[in-house]
Amino acid sequence: ASELKGRDFLDLADFTTEDLKKLLALSVELKEKHNKGIPYRPLEGKTLGMIFEKASTRTRVSFEVAMNQLGGQAMFLSGRDTQIGRGEPIPDTARVLSRYLDGIMIRTFGHEIVSEFARYATVPVINGLTDLHHPCQVLADLLTLWEKKGKLQGLHVTYVGDGNNMANSWLVAAPKLGINLRIATPAGYECDPQVVEQAQRLAAYHGTELLLTYDPIEAVKGTDMIYTDVWASMGQEEEQRLREEHFAAYQVNKELAAHAKPDHLFMHCLPAHRGEEVTADVIDGPNSVVFDEAENRLHVQKAIIVATMV
Ligand code: CP
Ligand code: NVA
């Protein structure tokens, strides 16, 4: 059992540099095992419940496959079809489900929902995306960056677009791994102010650069990696048109990417909208690693499951 056994995985800020490096190393180990066809089934007899109050392709499938490969089972629970959708209190749901399940993954809206759930659950709770954070995705992004660049310390990462859950999770993770982070958002779409404060403290402590700007070119200049995400996240569908106007100057296209290092990587958590936040020639071009990145969701989530549930 690891020292992370029993821990929740809600926010990367809750983990030390050492914890994050161990999770990445374990991800590599489990990925190698899987690629060599070596069976590893420490979750035999265990069940992960997966509560989804928003849509998902990658998260649902990769968690389900992860549990299957580790010898356990995953159970899909839609918010709509459980009593959660009819208003059963979160503390009750968390305590009941903890009597059946060995771990619970939740994808929902407010971050306070997973926090409350975790407070009452007696099994590990994994954040599969909230409006505030997407820690599993950033761990997969870090693994991809590490594999492609051979290091993390000292790299420059640039996020262009909405100051959303992806940007917030990058804010708290980057300093802990010695990564210099620049974020360019339009005015009115900045990252969460409390997360920014947290990140500024972390960057000062770890001695990393942190730049928050409205200028995408300044942010991309000389960077090792460009990251973007959708302009309208799940739950913001009705703002789509307005956001298209406000974000037009923040599209990741060839002209913008030309300011990065020639060997820069392009990443996106997916799903992507070609012609909106990214052009097809960038996301389908030679610098893009989005499908390796998506694959890595599986490997890092196996590491999270093994570290917290075995
Ligand atoms: N990147 C990501 O979390 O994708 P899904 O919404 O498909 O799970
Ligand atoms: N920011 C996006 C990420 C999807 C994986 C959303 O929350 O919808």
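Here the structure is a predicted model, which means the values were calculated and not measured.

## A few points about the overall build of the protein
- Within the protein one finds 12 helices and 9 strands.
- For the protein, the C-alpha radius of gyration of 19 Å lies close to 19 Å, the compact-globule estimate for 310 residues.
- Scored against the burial criterion, the 310 residues of the protein give a buried share of 49%.

## Quick word on the site of ligand 2
- The full set of residues close to ligand 2 is L129, N164, N165, M166, D229, V230, S233, M234 and C269.
- For the shell around ligand 2, the class distribution of residues is 5 nonpolar, 3 polar and 1 charged.

## Remarks on the UniProt feature "binding site: L-ornithine" (unreviewed entry) in the protein
- Residues given the UniProt feature "binding site: L-ornithine" (unreviewed entry) here are N165, D229, S233 and M234. Across 70 residues of sequence, these annotated residues stay compact in space, with a maximum C-alpha separation of 11.6 Å.
- Contacts of D229, omitting those with residues within four sequence positions, involve G161, D162, N164, M166, H268, C269 and E277.
- Of note, M234 is situated in the loop between β8 (225-228) and α9 (240-246).
- Note on M234: 17 C-beta atoms within 10 Å, which makes it partly exposed.
- Ignoring anything within four residues of it in the chain, the contact list for M234 reads K54 and A55.

## Things to note about the domain arrangement of the protein
- Parsing the protein into structural domains produces domain 1 (12-133 + 297-309) and domain 2 (137-293).
- Distance between the C-alpha centres of domain 1 and domain 2: 25 Å.
- Taken together, the contact pairs 19 residues of domain 1 with 19 residues of domain 2.
- Among the elements of the structure, α1 (17-36) and α12 (290-309) are those that each provide at least two residues to the side of domain 1 that touches domain 2.
- With 5 residues, the single largest contributor to the side of domain 1 that touches domain 2 is α1.
- Its residues assigned to classes, the side of domain 1 that touches domain 2 shows 10 nonpolar, 5 polar and 4 charged.

## Here we look at the sheet that holds strand β4 (residues 125-127)
- The 4 strands lie next to each other as β2-β1-β3-β4, forming an open sheet whose pairing is parallel. Of all the strands in the sheet, the pair left with one neighbour each is β2 (73-78) and β4. Each adjacent strand pair in this sheet contributes to an overall mean axis angle of 20°, direction not counted.
- Relative to strand β3 (residues 103-107), strand β1 (residues 47-52) runs parallel, the two being bridged by 5 bridges. By the bridge assignment for β3, L48 is matched with G103.
- Running over the sheet, helix α4 (residues 111-120) touches β3 and β4 and is turned about 170° from β4.

## Focus: the site of ligand 1
- Around ligand 1, the structure places S56, T57, R58, T59, L129, Q137, C269 and L270.
- Taken together, the residues that form the shell around ligand 1 break down as 3 nonpolar, 4 polar and 1 charged.
- The residue makeup of the shell around ligand 1 includes at least three contributed by each of domain 1 (12-133 + 297-309) and domain 2 (137-293).

## Focus: the sheet that holds strand β9 (residues 265-268)
- Judged by pairing direction, the sheet is parallel, and its 5 strands sit side by side in the order β7-β6-β5-β8-β9 without closing on themselves. In the strand order of this sheet, the two ends are held by β7 (210-213) and β9, each with one partner. Strand-to-strand twist across the sheet, computed as the mean angle between neighbouring axes with direction ignored, equals 15°.
- Examined bridge by bridge, β8 and β9 share 4 bridges and lie parallel to one another. Its bridge partner being in β9, T228 is matched across the sheet by H268.

About the criteria used
- Residues numbered from 1 in each chain as written.
- Chains lettered and ligands numbered in written order.
- Predicted model: local features only at pLDDT ≥ 70, side-chain atom pairs only at ≥ 80, totals over all residues.
- Helix = DSSP H or I, 4+ residues; strand = E, 2+ residues; numbered from the N terminus.
- Rg over C-alpha atoms; globule rule 2.2 N^0.38 Å.
- Buried ≥ 20, exposed ≤ 12 C-beta atoms within 10 Å, placed from the backbone.
- Near = placed C-beta within 6 Å.
- Nonpolar A, V, L, I, M, F, W, Y, C, P; charged D, E, K, R; others polar.
- UniProt positions renumbered as here; feature names shortened; annotations may be inferred.
- Contact = placed C-beta atoms within 7 Å.
- Domains from an automatic or database assignment.
- Pairing = 2+ DSSP bridges.
- Axes fitted to C-alpha atoms, helices over the stretch in contact; angles between N-to-C directions.

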